Amino acid sequence: MKKFDKERVLLAVAGPVIALAVAFVLSAIVLVASGKSPVEPFALMFEQAGFSDIQVLIVNQASMYYIAALAVAIGFRMNLFNIGVDGQYQLAAMTAAIVGAHADLPAALQVPLLLLTAVLTGAFWSGIAGVLKITRGVSEVVATIMLNSIATAVIGYLWLPDVFGVKIGNNNTTGEMHESGWIPGIDMGASGEIYGLVILAVLLGIGYWLVLNRTRFGFDLRASGASESAAAASGVDPKRMVLTAMLISGGLAGLAGLPILMGDTHTYSLNFPTGIGFLGIGIALLGRNSPVGIAFAALLWAWLDKASPELDFHGYDKEIAVIMQGLIVLSVVVSYEAVREWGLRRQQRRVGAELAAGHVLGATDNSKKEVAGR
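The model shown is predicted, which means the values in this text are computed figures rather than measured ones.

Each value, and the rule that gives it
- Residues numbered from 1 in each chain as written.
- Predicted model: local features only at pLDDT ≥ 70, side-chain atom pairs only at ≥ 80, totals over all residues.
- Heavy atoms only, no water.
- Helix = DSSP H or I, 4+ residues; strand = E, 2+ residues; numbered from the N terminus.
- Buried < 20%, exposed > 50% of the residue type's maximum accessible area, 1.4 Å probe, protein only.
- Contact = heavy atoms within 4.5 Å.
- Areas by Shrake-Rupley, 256 points an atom, 1.4 Å probe, with all protein chains shown as cover.
- Phe/Tyr/Trp six-rings, centres within 6.5 Å; stacked < 30°, edge-to-face > 60°.
- Axes fitted to C-alpha atoms, helices over the stretch in contact; angles between N-to-C directions.
- Parallel < 35°, antiparallel > 145°, perpendicular 65-115°, else oblique.
- Left-handed = near helix turned anticlockwise from the far one by under 90°.
- Nonpolar A, V, L, I, M, F, W, Y, C, P; charged D, E, K, R; others polar.
- Core = buried A, V, L, I, M, F, W, Y, C linked by side-chain atoms within 4.5 Å.
- Domains from an automatic or database assignment.
- UniProt positions renumbered as here; feature names shortened; annotations may be inferred.
- Arc of directions from axis to C-beta.
- Patch = residues over 30% accessible without salt bridge, like charges linked within 9 Å, V, L, I, M, F, W, Y side chains within 5 Å.
- Salt bridge = Lys/Arg side-chain N within 4 Å of Asp/Glu carboxyl O.

Chemist: How should I be thinking about the overall build of the protein in this particular structure?
Modeler: When its secondary structure is counted, the protein shows 14 helices and four strands. For the protein, with 374 residues in total, the buried portion stands at 44%. Within the protein, contacts between residues at least 6 apart in sequence are counted, and of these 76% link residues at least 24 apart. Of the roughly 18,600 Å² that the protein leaves accessible, carbon and sulfur atoms contribute 66%.

Have a look at this one:
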């Protein structure tokens, strides 16, 4: 491996490692300040990761985190901050649940219908922010934040009994989906079932890498994110790329809730998980928008979620996991900036050394020519 490639790998790995190390140290300081052991909570959570039933829960949770983080990463590649992934996936999950409860087609048609419904709903909701940005210059951050609130209101309206809501006790639901829209899981025996749509998460990760690195569209996307003016000079329409990136980001976001919807709950209710879109931001940052890095980050986040309840039985607050997640996000921002500055300084020193070496070599050649001329 060339020296330059080794440095690129080092820089790519250094940021996440430093961020995790800093987050663990700061979490330990918080525990010490509260009079608790700084080591035992982590030991308990690591122990939980060895149980097969917890591993199944981690994989299932990570599949949703992974899809949400991919949706965020698509935006990041275009320097777009899609904060609306949370609203997009919740609204998409609800519309898919409504369609699944009212349409009863054969499984070969029902499953693609539900997937398409979720993708189109997410893309439509994010597309609103994209249109506002390219036509009126509205920041996608502001637009998607407001659309999250509007999505919550729309969901509340759709839950009304005279619209699509089905009241079960004190719980608002959309009614149970027809079985033709259920996705069978991977049976792990006594440990439970892995969601069948975990495979979809894997396929999306592969597709994400192929599109970004092996297609003209992926090159245009990355070029537009690196320099919009340079991309425009090479014939890329920046407005079209912004809208396309927002549509794809929203479409992916729409799929984030389907693993649990089609593999477990089979209805959209008050118990449906929320906040996955916001967690996807931290996961995409930690994974540096790389499909492999995002996978590891999603597994880490899921481990913190599923292993932390054990802390309650040992006198520790399970919220330590939430503190760690927040510290990881903060540490990621700081460490990546530090690593970037360090990389720039190394690059400047290397360029300076190469220029100095070239100057010395040129002077030596000139001296040889002068001697030969004499």
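From this point, things continue past the structure.
Chemist: What's the story with the packing of aromatic side chains in this structure? I'm lost.
Modeler: Given two aromatic rings, their pairing is described by the distance between the two centres and the angle made by the two planes. Inspection of every chain in the model, using the stated rule, returns six aromatic pairs. On the numbers, 6.2 Å between centres and 50° between planes, the contact of F124 with W125 is tilted. Between W159 and Y268, the aromatic rings sit 5.5 Å apart at their centres with planes inclined by 35°, giving tilted as the arrangement. Here W159, found in the loop between α6 (140-158) and β1 (166-168), pairs with Y268, found in the loop between α11 (258-265) and α12 (276-286); they are 109 residues apart in sequence, far enough to count as distant.

Chemist: I tried to follow the packing of α12 against helix α13 (residues 291-307) on my own but got confused; where do I start?
Modeler: Between two packed helices, the angle of one axis relative to the other and the distance separating the axes together describe the packing. Here α12 crosses α13 at 130°, and the two axes come no closer than 8 Å. Overall, the two elements α12 and α13 adopt an arrangement that is oblique. When you trace α12 past α13, the crossing you get is right-handed. Contact with α12, carried on its side by L279, G282, I283, A284 and L286, involves I294, A297, A298, L300, W301 and D305 of α13 and no other residues of that element. For the contact of α12 with α13, the per-class residue count stands at nine nonpolar, one polar and one charged.

Chemist: Would you mind showing me how to read the packing of helix α4 (residues 85-102) against α6 here?
Modeler: Look at α4 against α6: their axes get within 8 Å of each other, and the N-to-C directions meet at 25°. It follows from the interaxial angle that α4 and α6 lie roughly parallel. Classified by chirality, the crossing of α6 by α4 is left-handed. Between α4 and α6, the residues in contact are D86, G87, Q88, Q90, L91, M94 and I98 and T144, N148, A151, V154, I155 and L158, respectively. Looking at the contact of α4 with α6 residue by residue, the classes come out as seven nonpolar, five polar and one charged.

Chemist: Help me out: how do you make sense of the nonpolar core in this one?
Modeler: Across soluble globular proteins, nonpolar side chains have a tendency to be buried as a group. Residues L258, L261, M262, Y268, I283, L286 and I328 are the most contacted members of the largest nonpolar core, which totals 96 residues. Looking at this core, the element that brings in the most residues is helix α3 (residues 52-77), giving 16 residues. When residues of this core are sorted by domain, at least three fall in each of domain 1 (1-36 + 316-359 + 368-374) and domain 2 (63-315). Sequence-distant contacts of I328, defined by excluding residues within four places in its chain, comprise A19, L20, A23, L286, L300, W301 and L304.

Chemist: Please explain the UniProt feature "transmembrane region" (unreviewed entry) in the protein as it appears in this structure.
Modeler: The UniProt record marks residues 9-34, 54-76, 88-105, 111-132, 141-160, 194-212, 242-262 and 320-339 with the feature "transmembrane region" (unreviewed entry), using the residue numbering of this structure. Along residues 141-160 the backbone is 90% helical and 0% strand, and the end-to-end C-alpha distance reaches 30 Å. Along residues 242-262, the helical share is 90% and the strand share 0%, with 31 Å between the first and last C-alpha atoms.

Chemist: Is there a simple way to explain helix α8 (residues 216-226) in this structure?
Modeler: In an α-helix, one full turn covers 3.6 residues, which means residues spaced three or four apart are oriented alike. Burial in α8 covers these residues: G218, D220, L221, S224 and G225. Projected down its long axis, α8 shows its buried positions confined to an angular sector of 160°, all on one face. Seen from the buried face of α8, the exposed residues on the opposite side, beyond 90 degrees, are R216 and A226. Contact partners of the buried residues in α8: α3, α7 (198-214), α9 (228-233) and α10 (238-255).

Chemist: Looking at this model, I keep getting lost on unusual backbone geometry. Mind explaining?
Modeler: Keep in mind that most residues, glycine aside, have a negative phi and that most peptide bonds are trans. A positive phi angle, close to 60°, is found at H266, a residue other than glycine. You can see H266 is positioned in the loop between α11 and α12. For H266, a relative accessible area of 9% translates into the label buried. Its identity is not glycine, yet R288 carries a phi of approximately 55°, on the positive side.

Chemist: Would you mind showing me how to read a nonpolar patch on the surface here?
Modeler: A cluster of nonpolar side chains, I186, M188, I199, V202, L203, I206, W209 and L210, forms an exposed patch at the surface whose accessible area comes to about 730 Å². With six residues, the top contributor of residues to the nonpolar patch is α7. Inspection of the secondary structure assignment puts L203 in helix α7. Taking the relative accessible area as the measure of exposure, L203 reaches 53% and is therefore exposed.

Chemist: Can you help me understand the pattern of salt bridges in this one?
Modeler: Once their charged atoms are close, side chains differing in charge can pair, the charge on each being opposite to the other. Scanning the model with the defined rule gives two salt bridges in all. With a shortest N-O distance of 3.1 Å, K133 and E140 are connected by a salt bridge. Classification of K133 as partly exposed rests on a relative accessible area of 27%. Across the pair D220 and R216 runs a salt bridge whose closest N-O atoms are separated by 2.9 Å. With D220 and R216 both in helix α8 and four residues apart, the pair spans about one turn of that helix. What makes D220 buried here is its relative accessible area of 8%.

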